[in-house]
Amino acid sequence: MSRLIAIANQKGGVGKTTTAVNLAACLAEMKPGILLCDLDPQGNATSGSGAESSQYSAYDVIVTGRNVQDAIVSSATLGMDVMRADIRLAAAEVELVDVPRREYRFADAIGEMKARYHTILIDCPPSLGLLTINALTAADSVLIPIQSEYYALEGVSALIQTIRRIQQSSNRRLEIEGVLLTMYDGRTNLSLQVASEVKKHFKGKVFSTIIPRTVRLGEAPSHGLPIHQYDPRSVGTQAYQDLAKEILKRN
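This section reports on the structure supplied with the text. A quick note: this is a predicted structure, and the numbers were derived from the prediction, not measured.

Looking at the pairing of strand S2 (residues 34-38)
Part 1 of the reasoning: Along S2, five of the five residues are buried, which leaves the element largely enclosed by surrounding structure.
Part 2 of the reasoning: Residues Ile34, Leu36 and Asp38 point to one face of S2 and Leu35 and Cys37 to the other, with burial holding for every one of them.

Shown next as structure tokens:
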């Protein structure tokens, strides 16, 4: 059976999609059989992973009930598939408002894929709306990226509260997979202070791997490639390979 990991933080610009794409690709390199589900209407995980084109997307799966297989395509990485997203997902929350069991739409659809993939990663939108709730209802755990910048923990309490509500209502098995420090610059006191604060706040839940601030991670998506294919020698490549090893070891 697959392990479903939602990558979530309602704060934008924390490296959520960068982590989703590069972690998925590095996991696939080590152990093929990865599915990356893009639930962000911006579709950045779709384009950044080099996903093939398709007329169907997560919108068709969640809103219209289309078979999930129709929205899954190959990516630029061998052993990694992608459930595409497109801008139509932005209307999903409005269209599902009166639909029964609306928070279970993704969980019900993705169930049949659990036998095909050993790990399913879900890239959530930067909000705590219905799409993120669908992801958390389906997931086994949540990976929370937090940038090493001022106000890093701002808003994270709202995410934790949402996780607790879902644990109590629709998904009792949901747990925190870990907290990932991103955009880290060890030369600055600020990054060191943020890392210390995050570790104090999330005792025992912070990954050993820290994702550094690097230009190459920002360049890779424009080429439709994960970092390990765009620049195999990048410090970003090493960081996400280390994170993939941590995930595999934990699970």
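Picking up where we left off.
Observations regarding the sheet that holds strand S6 (residues 141-147)
Part 1 of the reasoning: The eight strands lie next to each other as S3-S4-S2-S5-S1-S6-S7-S8, forming an open sheet whose pairing is mixed. Two strands in the sheet have a free side with no partner beyond their single neighbour: strand S3 (72-74) and strand S8 (206-212). Direction aside, neighbouring strands of the sheet carry axes that sit 25° apart on average.
Part 2 of the reasoning: Packed on one face of the sheet, helix H7 (residues 156-169) meets S6 and strand S7 (175-184) and runs near 175° to S6.

Remarks on unusual backbone geometry
Part 1 of the reasoning: In this structure, Arg101 is a non-glycine residue whose phi angle is positive, near 55°.
Part 2 of the reasoning: Structurally, Arg101 is set in the loop between helix H4 (92-95) and helix H5 (105-110).
Part 3 of the reasoning: Its identity as a non-glycine residue notwithstanding, Tyr151 has a phi of 65°, on the positive side.
Part 4 of the reasoning: Relative to the assigned elements, Tyr151 resides in the loop between S6 and H7.

Analysis parameters
- Residues numbered from 1 in each chain as written.
- Predicted model: local features only at pLDDT ≥ 70, side-chain atom pairs only at ≥ 80, totals over all residues.
- Heavy atoms only, no water.
- Buried < 20%, exposed > 50% of the residue type's maximum accessible area, 1.4 Å probe, protein only.
- Helix = DSSP H or I, 4+ residues; strand = E, 2+ residues; numbered from the N terminus.
- Pairing = 2+ DSSP bridges.
- Axes fitted to C-alpha atoms, helices over the stretch in contact; angles between N-to-C directions.
- Contact = heavy atoms within 4.5 Å.

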